[in-house]
Amino acid sequence: MGCRRTDCISKPLSGLFEKLGSLVGSCPFYFLIIPLMLSAALGGGFVFLKDREDNDLERQFTPRKGPSKATRAFVRENFPLNDSMFSDDRLYDKGSFASLIVVSANDSNILSNPAFEDIIRLNNKILNITVYNGTLGFNELCAKANGECVSRIILEMIRSDESDHTGISFPVHTHRSGSMFLGSVLGGVITDGNSSVISAQAVKLFYYLDDMENTANASKLWLRGFKNLLSDETDGKHTDVSYYTSKSKQEEIDSHTTDGFPLFLITYACAITFSVISCLRLDNVRNKVWVAAFGVLSSGLAVLSSFGLLLYIGVPFVITVANSPFLILGIGLNNMFIMLSDWQHTSVRDPVPKRMAHSYKEAIMSITITALTDVLKFSIGVTSDFPSVQSFCLYTTASVLFCYIYTITFFGAFLALNGRREAGNRHWLTCMKIPSDILDHHSEIYNICCVGGGYDKNTGAEKKQPASNFFKDYYGPFLIKPWVKGVVIFLYVVYLAASIYGCFHVQQGIELYDLAADNSHVTRFNRKDREYFSDYGPSVMVIVSEEFPYWDKTKRHQLQGCMEDFKRLQFVDEDIYTSWLDSYLSYGQEALLNLDDKDVFLKNLPHFFESFPLFRQDVNQTGDAIYASRFFIQTVDIANASMEIHMLKGLKTTADSCHVASLLVYNQRFIFYDQYGVVVSSTIKNVGVITAVMLVVSLLLIPHPLCSLWVTCSIGSVTVGVTGFMALWDITLDSISMIIFTVCIGFTVDFSAHMSYAFVSSKKTSADDKAVDALSSLGYPILQGAVSTVLGVSVLATSEFHTFRTFFKIFFLVMFTGMLHGLTFIPVVLSLCTGRSDEEESKEKSLKISKL
C-alpha cells in the first residue's frame, strides 16, 4: 500500500500557477516592462554604496555578545589607562601604532652589520616623519611612559654596547635595572647554553602613538605618512621589510569591498556564454539563444533590484555580501533551465498561453519549493550573532525573492514572446518568417540558415536534445538495473565513510589577514609575524573580578595556587609572570611589613605604587577594599588558529576551576577568538534549521511524504560530505566559511527537491519508470545548471582574496555532491523505497477488471 499523499497545498498552488502562466502568455509585455522599470528605479540605490560600506572587523566579524567584549568592558571600567604611564600589555584595545618586521637576507644575523645598519637607517627615517607642515613629529605624538616616548628596546640595548651585538639574554633581558621581555621583538633566535643570543633572523619594531582626542587626527596623518614611506621603501641588499599599522587591516578591507564586482561581471559573462552554448539549436526557429541570455539577465536584475532596495533603506554592505550575486546566479540559472525544460515538453501546436500554463503548472511549483526554503532559511539567518552574517542574509533573502519574482514575470514574459516567434515560424535572429521544410530549389546554405520549425510529430513537442535523450535512453535505464543500484548503494557507503572520516579532521579558526588580498602589505606582515614570532603568543591578563582579601594569608595562598595552575599550562611560560601581589609581598618582606594585617596591607600600598608606578594600573582600590586586580602570564607556541582555540579553552577552563575567587582572562585578541566558540554551534543550528524548514515545506508541497523525507535526508548527507571534503581540501571552519557553507548547503537541496517532485509527478506506474521519466525531464537541466554555475564561479578560484577562493571551493563541493545526489543517489533510493500510491493501484486494478 502506498503512502498517503500530502498535496492539499500543492494542488491549489499548481492551479494558481497554471492561471498565472496563461496570463503571462496572454499579456507578456506588461510582465516584461514592469520588472525593467522597477530595476531601473531600485538600481539607483547603488549611489549610496560607499556610504553603506561597513567592514569594521570587530563589529562585523565577531559575535555581537562575545564574552570577551563583556570582559573588556570590565577591564575598561576597573583599570583605566594612564596616559602618562603607557604599557602595551595593559591595553584593552589595540590602540594606535605602527609596526615593521625586518628580516635578514640569506638567514644571516639581523643584529650584525650591515643588516643592523639598515634597521637604524629605516628607524631614523620613521622618526623624521612629520605632519602639519613639520610642526608635529613622532616625539610629539608618541605614547609616553615617565615623560619619554616608549622606546624600541632592542635598538636601545644594542646601541648601548656597539662592540657586542649578541650580548643579550633571551627571552628576558635586564636593561636599566629592569627586566625586558624580548620574545615579541626578536624572531628566529638562536641562543647558547646561558640563554645569550648568538643570532636572530628578524626584528619587530613598534611605534605607539598617544590615543588622546586632541591628537587623534594628527596621529592618523602620521600613520598615513608611515604607510607611504614604507610602501615606497625598497628592500635592501641585506634585509626584507614588512610593515603594518593599526588602521592597515581596516583600510585594506575597505578598499577592496567592491573588488568582487569585476569578478561578478566576468562570472556573468561566463554564465551567459555557457548558457547560450547549451541552448543552441540547429533549428533556426527552436533556437533558444535569446532565452538563455534573458535568463541570465533576469538574475542580474534581481541582484540590482534587491541590493538597490536595501542600500536605499540603509542596510550595511559588508564584504561578505559580495558573495551573494554568485549564489543568485546559480539559483537563476537553475530556475531558467527547469522552466525551459518544461516549455520544451509542451505541444508546439498549442497556443502560447496554453503552453505557458502547462509550463508554469509543472516548473513553478518545483521552483517555489526551493525559493520558499531559501527565503525562510536566510530570514532565520538574520538572527545570527555575527552582524556580517545578518547583512549577508538580508541581502540574499531579498535577492532570492526578486529572483523568484523576476523568473515568473520577466523571464516568463520573454519565454512567451519567444514562443510567439516560434508559433509564427520566425527566424531566431532576423524574426523573419521562414519555411519549415527544406526547399529543393534553394541552395544547401539557404536550407541550413533559413529553414526551421521542426518538431516531434508523435508527441507534438519539440525534438529532444541529444543530452536529454541520453538520460532517457541510456543513463536512466542503466541506473535502474538491479546490479547498478547495488553498486550505487556501495559507492554511497564509501562516500559517507570518507566524509565522516574528514569530519573528524576539520580544522577550525581564521587568520584575520585572510580578509585582505594575498599581495597586500597586511598579509605579508602577518605571515612574517607567524613565521618568526610565533614562539611567544599574547600576554594574557588574569583578572580577579571581585572584592578579595589579599591580606588573608590562607585565601592569598589559594589564589596564588590558582596562578600556579595557569603557569603549569602547556602553552604558558612559567618563568615569565608579572604579579603586583608577589612584588608587593617581596617589598613588604624587605621593609619588614606584616602584610597579613589588613590595615598594614592597605596603608603601605600607595608607597609601593610610588616605587613601582606601573602596578598602580593593576589594582582597583576604593577605600579599604580592593574590588579588582590583575596579573599577567605569557603564552608560548601559538603558531596557528588551532592553537589559539586550544589556548582560549585552556585558559577559561583553568579560570573556572579556581574556587577561591572569580577569575577572568583577557587579551585584546580574544575579541576575535570568541568566534571559535560560536562558529560550530551556529553552523549546526543553521543546518538543523535548514533541515527542519525543508522537511515542512516538502511535506506541504511535494505530494508524497516519503519523498519529502528523502529530500530532507539529502541535506544531512550533503552536509556530511561537504564538511568532510572541506578538511581534505584544507578549508577551515570559520565565520566566513560558515556563511558560505550554510548558504551552499541550502542551495544544494534544489537538485534533490526538483528530482523528487518530478518523480512523484510522473504519470508512470512503476518506481523504476518514474525514476527514468524524472531523469529524462530534469537530468539535463540539473546538469546544465550545475555545470554553468560552477564554470561561472570558477573565475573566483583565481581571486587574490581568500574569501572568494573559499566560496569557490565550497560552492564546487556543494554543487558536485548535490548533483551527485540529484542524478544518482536520489533516483536510486526513490526507486527502491517508494511504493505505488493508492490512486495508481486503483487504476491498475480497474485496468485488470476491464481486461477481464
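Residues numbered from 1 in each chain as written. Predicted model: local features only at pLDDT ≥ 70, side-chain atom pairs only at ≥ 80, totals over all residues. Heavy atoms only, no water.

### Focus: helix α6 (residues 115-127)
The α-helix advances 3.6 residues per turn, and as a result positions three or four apart in sequence lie on the same side. Along its 13 residues, α6 runs 19 Å from first to last C-alpha, staying within 8% of the 18 Å computed at 1.5 Å per residue. For α6, the complete set of buried residues consists of Ala-115, Phe-116, Asp-118, Ile-119, Ile-120, Leu-122, Asn-123 and Ile-126. (Helix = DSSP H or I, 4+ residues; strand = E, 2+ residues; numbered from the N terminus. Expected span 1.5 Å × (residues − 1). Buried < 20%, exposed > 50% of the residue type's maximum accessible area, 1.4 Å probe, protein only.)

### Overview of a positive patch on the surface
On the surface, Lys-94, Lys-220, Arg-224 and Lys-247 cluster together into a patch of positive charge. By the element assignment, Lys-220 lies in helix α9 (residues 216-232). (Patch = residues over 30% accessible without salt bridge, like charges linked within 9 Å, V, L, I, M, F, W, Y side chains within 5 Å. Areas by Shrake-Rupley, 256 points an atom, 1.4 Å probe, with all protein chains shown as cover. Salt bridge = Lys/Arg side-chain N within 4 Å of Asp/Glu carboxyl O. Lys, Arg positive; Asp, Glu negative; His and termini not counted. Charge placed at Lys NZ, Arg CZ, Asp CG, Glu CD.)

### Some thoughts on the state of the cysteines
Taken as a whole and assessed by the stated rule, the structure comprises 2 disulfides. Disulfide pairing is shown between Cys-142 and Cys-149; the S-S distance is 1.8 Å. Residues Cys-142 and Cys-149 are joined by a disulfide whose S-S torsion is about -70°; by sign, that bridge is left-handed. Residue Cys-142 is classed as buried on the basis of its relative accessible area, which comes to 0%. In this model Cys-562 forms its disulfide with Cys-658; the gap between the sulfur atoms is 2.1 Å. Between Cys-562 and Cys-658 the sulfur-sulfur dihedral comes to about 85°; the bridge is accordingly right-handed. (Disulfide = S-S within 2.5 Å.)

### Examining the pairing of strand β13 (residues 536-544)
Summarising burial for β13: 9 of the 9 residues are buried, a large majority. Relative to strand β16 (residues 625-636), β13 runs antiparallel, the two sharing 7 bridges. Note on β16: the bridge partner recorded for Ile-543 is Arg-630. Of the pairings in the sheet, the one linking β13 to strand β17 (residues 663-666) comprises 4 bridges and is antiparallel in character. If you follow Val-542 over to β17, its bridge partner there is Val-665. (Pairing = 2+ DSSP bridges.)

### Re the side chain of Asn-604
Within the secondary structure, Asn-604 is located in helix α22 (residues 598-611). A distance of 2.9 Å separates a polar atom in the side chain of Asn-604 from the backbone oxygen of Val-600. What Asn-604 contacts, discounting residues up to four positions off in sequence, is Tyr-584, Tyr-587 and Leu-593. (Polar contact = N/O pair within 3.5 Å; in protein donor to acceptor, adjacent residues only side chain to side chain. Contact = heavy atoms within 4.5 Å.)

### Points about the packing of helix α28 (residues 767-793) against helix α29 (residues 802-833)
Contact pair α28 / α29: the axes reach a minimum separation of 9 Å and the direction vectors enclose 175°. In this view, α28 runs roughly antiparallel relative to α29, as classed from their interaxial angle. In this structure, α28 contributes Ala-767, Asp-768, Ala-771, Leu-775, Gly-779, Ile-782, Leu-783, Gly-785, Ala-786, Thr-789, Val-790 and Val-793 to the contact, and α29 contributes Phe-807, Phe-808, Phe-811, Phe-812, Met-815, Met-819, Leu-823, Pro-827, Leu-830 and Ser-831. (Axes fitted to C-alpha atoms, helices over the stretch in contact; angles between N-to-C directions. Parallel < 35°, antiparallel > 145°, perpendicular 65-115°, else oblique.)

### Points about unusual backbone geometry
Trans peptide bonds make up the majority, and among non-glycine residues the majority have a negative phi. Looking along the chain, the bond that leaves Phe-170 and enters Pro-171 is cis, with omega of 10°. Along the chain, Pro-171 falls in the loop between α8 (153-159) and β6 (172-175). Backbone geometry places Tyr-132, a non-glycine residue, at a positive phi of 55°. Unusually for a residue other than glycine, Cys-431 sits at a positive phi of about 60°. In this fold, Cys-431 is placed in the loop between α15 (387-423) and α16 (444-449).

### Digging into the sheet that holds strand β11 (residues 202-209)
Taken together, 4 strands build an open sheet; the order of strands is β8-β11-β1-β12 and the sheet is antiparallel. One side of each edge strand has no neighbouring strand; the edge strands of this open sheet are β8 (186-187) and β12 (239-245). Sheet topology note: the β8/β11 ladder contains 2 bridges and is antiparallel. Residue pairing in the sheet places Leu-186 in a bridge with Val-203 of β11. On top of the sheet, α6 reaches β1 (96-104), β11 and β12; it is set at about 15° to β11, its chief contact. The sheet strands contacting α9 are β1, β11 and β12, and the helix crosses β12 at an angle near 155°.

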